[in-house]
Structures are given as C-alpha cells and as structure tokens.
Amino acid sequence: MRLRGVEGAVVGDALTRTMPRTVALCVLAVAVLTAGAAYQPVPVLLLVVGVPVLVWGVQHPKRFVALAILGCLFSKSLAQVSGIPPVDYLDEASIAASLLVCLGPRILRGQPIRTFPGFGWFTLFGVLGIVSGLVANVPLVVLASGSALALKGILLALAVAQVQWSAADVRRLAKGGVAVMLFIIACSLVNLAIPQTWQGLVGNIPQVSYRAAIPSLIGPFVEPGTLGIMSALGFLALVAWNTTMGGTRFTWLMSAGMALVAVFSFRRKTWLGMIGSFLWLSSRAGRSGVFATAVATVAGILVVFWSTLLTALQGIVATYFDQSEGTAARTLMTKDSFFVALDHFPLGAGFGRFGSDTASEFYSPLYLERGYQNVWGLSERTGNALFLTDTMWPAILGETGILGLLVFVAALVAVFRRLRRLSRDEAPIARWLGLTGIAWIFQYLLESTGNPVFVSPPSYVPLFLLMGLLGSFGGKTPGGQADRTDDGQPAAEPAPDGGADVAQVTRTAAVR
C-alpha cells in the first residue's frame, strides 16, 4: 500500500501524472513544427530560433541591443556576400526584436515609457507622413514600406532608450565601437591589396572606381559612400575622446587610421565635414597648443592636396548646377520637392511617394507626372536611377510637406540642445557624448545633401543609437512617476534643467 503524506510518494505521483502530458505536448509541438516547415520553412525556422533568442534578450537587454546594432551595421554587406535577399531586412528585424525585448517588458510591468530628446517632434513627423499617405490614397503596401524606412531610426532610438544605461555601459559600448573600427580598418587594408576581388565579393557594383590610380575603398560595406561616412563618424568620436578623456598612443593611432580610411573612400563631402569638425573639436580641448597644432595640420593637408581638394569642390558645384551632362538630378529633385509639398499642402504626398527608396522601388506616379522617366539619373531607361535616392531632404519635404520639414528640423534642434548641455557637463564621459554628437550632427547635415544618411543603413545607426542613449541620462518620465532600472531599483533623478545627471547614474550603477 502507498503511504500517504510521505514526500517521496507525493513527488513521485506528481511526476507520474505530469511527465506523460509534458512528453505528449513536446511530441505535438515537434509534429506541428515539422508539418509547418514542410510548407513554410523560413517562418518556422525564425520561430524556433527567434523565441529562445528573445527570451535571452529580455534577460540581457544591453547585450541584445549590442548584437542588434551589429546586425543593423552589416545587414547590407551580409546580404551582398551571402546572396540571400531576405538578409537585407536584418536591420528592420533587429530593430523590431529590440522593441520587443526593451519596450515589451516595461509595458507589461506597467512602467512608463522612456523617451529621448526630440521624441515628440519625431513622433509628429511620423504621424504627418502616415496621415498624408492616407489622405493621398497611397497604397497600403507602399505606405507601410515607406513608413518603415522613414521611422526605423526613430524606433531604434526608442528601443535603446528603454534600457537604463550608465556611464560604465557607455564605456563598454565605446570599446565595442573600437572593435568595429579595427574591423573596418582591417577590411579596408584587404580592399586596398586586392581591390577588384574585394569589390566583386562585397560591393554592389562590379567595377572598382579609381582616383589617380588609387581604388576608392569600400571596406566592409557595399559602397564607398558608406565607408566614408562611417569612418568619418569613427574618426570624430575618437578625436572627441582624445579631447575629453585624454588620448593615448593607441587612440591617436586609431584616429589616424580612421582618417586615412575616410580619405581613401574619396568622398568629397566627407572630407569637408571631417576637416570642419576636427578643427571645432580641437578648439574644445582646453589645452594650449592643441588647436594651433590642428590648424597647422589642416593647413599642411590643404597645401599638399590643394589640387585634389579644388577638383573635389568643382565636382560638388558641377553635381548640383551643371546640367550640360544631366548631372544636376539632385538639384531637380530638390527643387521639385517644394512643388510637391505645395501641391499636397500642408501634409505632403505621404511616405513612399517622393525622394525615398520606396518611391524608387515602386516608381512613384509623381515621377511619371514630372517626366523623370526621361531624365538621366532618374530613370533606368535613360541611364540609371541612382539619383532618385541620392539625397535626403527632398524625401522629407515631398513626403511630409512643409510641416514635416519644420518638425524634423525641430527634432534635430532638440537633440542638439541636449548635446550642447552634455558637452559642458563636469563628467568627462558626458562631455564626450555631447561633443561627439554635435560633431556627428554637423557631419550628417553635410552628408545629407548627397546621401539619405538619416534612413540608409548603416549610416543612420550611430546617430539614433546616440539619441537613445541620451534618453537614459536623467530624462523625466510621463506622469511624474519615478523611473526605475531594469531590476526595479530607482533610476537616476533628472537634473534641474532636464539634462543628464551622469554622476547620479554612475552612483546608481555602482549600487547595482
């Protein structure tokens, strides 16, 4: 007879009752997944792999975000090398997963959503683009694709802002950034050694572009323009680090290496932006001789490479104003974006309708109305369509109207104001974030005249990652409730001016 009340007997009975049910459920799950894989293998594979990864991400959100950032940075390169088209959507998938991992738990716990500087303006920008698309009867497929393209950077910043980042976390992210920069330099050296082979493996066009018998490098990216801006951003971050944290031989060598990589991408606006931001950052060093040395260095570079720089400046002027060979396609689109905004005043034509990659993919009817199919650079029939997505501001103005343009600029101003406050903070890591962000915004604005840097992967990633980090440094939460860290501890209190109280965040991290 079984003895009631004996612990072993009770546990044994429980196992006897539950084990068959567990085995049955496992067998059923395997059968369902196997049957599903026979018809839709990709969704089933994503389900089997994705669910455990998301569970791990909820437990380790900072590590998950770091991996998601890597996915966003190299999605296009991985798609090109692998030859698997769906890999091209890795950055969108990474952002969506980051939102689930970072935003989902906060909502389930009833915690207020953290925001970042300019979030309200960016949200209004998204609403304007979507509403204008609905009003203009943009097909839902086009509108959804255009909205995802225009807003993915903002959603990335929102996901990053949900995690409580400390000064120590920022240092760890900086170390990860150094690893990425070393990878960029290594790939660029291989690219320089075997340019044609590397171009065929990684590049999105088969032929290498040469400047004075020197190949225009692409590094680990698919085109020189992407390498140019990414290496320029890395260079400026390193210069800002040397300015605020104190440079070492390694950081100075790294900054020189990134500068050379940017130079050998042969992107004209990249060069000009780097020179201007380098001089400004050097002026903020606060140490005698640093700015004078920077001015002397830049002057020497101008003297040695004067003919090359003059040719670059002439090329910029020709790109926008010389119509003898049809090279003023950017200027035409910029001018027409004003007319599109006026025709659809005050909302614009809607996401996916003008100046964006989505408008190019579905070839917007607005292009047909304006005869772009007969314009070199704007039609595949007459040459190529690269200039359809070769600048940023026509998309913002044409798709969201004058109001959308003003709102987007207001969002950038809000970000700049927070960065300026951080650049004057007593904590060196905060000053580094502030100075780096200001230099980046200047670089982005210059690059945006010939590159959709606010939406094109991977160029949009660094700036919106920085915006998300700003949201964790002392921002107020909705409803005046005290925010809490990921483990439920009280987070840092906001500074009196709404800026980042980095010292308080650091003390909170130390307690944790």
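These notes cover the structure that comes with them. All of these numbers come straight from a predicted model, not from anything done at the bench.

### Side note on the overall build of the chain
Along the backbone of the chain there are 20 helices and two strands. Residues counted as buried form 47% of the 512 residues belonging to the chain. In the chain, once contacts between residues fewer than 6 apart in sequence are set aside, the share between residues at least 24 apart is 68%. Accessible area for the chain stands at about 24,800 Å²; split by element, carbon and sulfur atoms hold 69% of it.

### Describing the pattern of salt bridges
Here the structure, examined in full by the defined rule, presents six salt bridges. The salt bridge partner of Lys152 is Glu92, with a shortest N-O separation of 3.5 Å. On the criterion of sequence distance, the pair formed by Lys152 in helix α6 (residues 140-161) and Glu92 in helix α4 (residues 90-108) is long-range, its members being 60 residues apart. Taking relative accessible area as the criterion, Lys152 reaches 5% and is therefore assigned buried.

### Quick notes on helix α9 (residues 224-246)
Taking 1.5 Å per residue, 23 residues should reach 33 Å; α9 reaches 31 Å between its end C-alpha atoms and fits that length. Counting buried positions along α9 yields 21 of 23 residues, so the element is predominantly enclosed.

### Some details on the packing of α9 against helix α10 (residues 249-263)
Packed helices, taken two at a time, are described by the angle between their axes plus the distance between the axes. It is at 8 Å that the axes of α9 and α10 come closest, and there the two elements cross at 155 degrees. In terms of orientation, α9 and α10 fall into the roughly antiparallel class. The crossing of α9 and α10 is left-handed. Side by side, α9 and α10 meet where Leu227, Gly228, Met230, Ser231, Ala232, Gly234, Phe235, Leu238, Trp241 and Asn242 of the first sit next to Thr251, Trp252, Met254, Ser255, Met258, Ala259, Val261 and Ala262 of the second.

### Things to note about the packing of α10 against helix α11 (residues 268-283)
It is at 9 Å that the axes of α10 and α11 come closest, and there the two elements cross at 150 degrees. The angle between α10 and α11 places the two elements in the roughly antiparallel class. Of the residues in α11, those touching α10 at Ala259, Ala262 and Val263 are Thr270, Trp271 and Met274. The residue inventory of the contact of α10 with α11, partitioned by class, reads five nonpolar, one polar and no charged.

### Digging into a nonpolar patch on the surface
Together, Phe339, Leu342, Phe345, Ile402, Leu403 and Leu406 make up an exposed nonpolar region whose accessible area comes to about 590 Å². Within the residue set of the nonpolar patch, elements represented by two or more residues are α14 (329-343) and α17 (393-422). No other element matches α17, which puts three residues into the nonpolar patch. Here Phe339 shows up in helix α14.

### What about the packing of aromatic side chains?
The way to describe two aromatic rings as a pair is by their centre distance and the angle between their planes. Overall, the coordinates contain 20 aromatic pairs when judged by the stated rule. When the centroid spacing of 6.1 Å and the interplanar angle of 70 degrees are considered together, the rings of Trp393 and Phe454 count as edge-to-face. With a gap of 61 residues between them, Trp393 in helix α17 and Phe454 in the loop between α18 (428-447) and α19 (460-470) connect regions that are remote in the sequence. Judged by relative accessible area, which is 3%, Phe454 ranks as buried. Residues Phe408 and Phe454 carry aromatic rings whose centres are separated by 5.4 Å and whose planes lie at 80 degrees to one another, so their mutual orientation is edge-to-face. Here Phe408 is found in helix α17, whereas its partner Phe454 is found in the loop between α18 and α19, with 46 residues between them in sequence. Phe454 matches Phe408 in its accessibility class, with the two residues each being buried.

### Brief notes about α19
Within α19, eleven of the eleven residues are buried, which leaves it mostly tucked inside the rest of the structure. Taken residue by residue, α19 has Tyr460, Val461, Pro462, Leu463, Phe464, Leu465, Leu466, Met467, Gly468, Leu469 and Leu470 as its buried positions.

### Quick word on the side chain of Ser423
Within the secondary structure, Ser423 sits in the loop between α17 and α18. By relative accessible area, Ser423 is classed as buried at 4%. In this structure the side chain of Ser423 is engaged in a polar contact, spanning 2.6 Å, whose partner is the backbone oxygen of Arg420. If we ignore the near neighbours within four places in the chain, the residues touching Ser423 are Arg284, Ala430, Arg431, Gly434, Leu435 and Ile438.

### Describing the environment of Gln162
Within the element layout of this structure, Gln162 appears in the loop between α6 and α7 (167-193). Judged by its relative accessible area of 1%, Gln162 is buried. Sequence separation between Gln162 and Pro105 is 57 residues; the distance between their C-alpha atoms is 9.6 Å.

### Regarding a positive patch on the surface
On the surface, Arg284, Arg417, Arg420 and Arg424 cluster together to form a positively charged patch. Within the secondary structure, Arg424 is located in the loop between α17 and α18. With a relative accessible area of 61%, Arg424 lands in the exposed category.

Reading the values: the criteria
- Residues numbered from 1 in each chain as written.
- Predicted model: local features only at pLDDT ≥ 70, side-chain atom pairs only at ≥ 80, totals over all residues.
- Heavy atoms only, no water.
- Helix = DSSP H or I, 4+ residues; strand = E, 2+ residues; numbered from the N terminus.
- Buried < 20%, exposed > 50% of the residue type's maximum accessible area, 1.4 Å probe, protein only.
- Contact = heavy atoms within 4.5 Å.
- Areas by Shrake-Rupley, 256 points an atom, 1.4 Å probe, with all protein chains shown as cover.
- Salt bridge = Lys/Arg side-chain N within 4 Å of Asp/Glu carboxyl O.
- Expected span 1.5 Å × (residues − 1).
- Axes fitted to C-alpha atoms, helices over the stretch in contact; angles between N-to-C directions.
- Parallel < 35°, antiparallel > 145°, perpendicular 65-115°, else oblique.
- Left-handed = near helix turned anticlockwise from the far one by under 90°.
- Nonpolar A, V, L, I, M, F, W, Y, C, P; charged D, E, K, R; others polar.
- Patch = residues over 30% accessible without salt bridge, like charges linked within 9 Å, V, L, I, M, F, W, Y side chains within 5 Å.
- Phe/Tyr/Trp six-rings, centres within 6.5 Å; stacked < 30°, edge-to-face > 60°.
- Polar contact = N/O pair within 3.5 Å; in protein donor to acceptor, adjacent residues only side chain to side chain.
- Lys, Arg positive; Asp, Glu negative; His and termini not counted.
- Charge placed at Lys NZ, Arg CZ, Asp CG, Glu CD.

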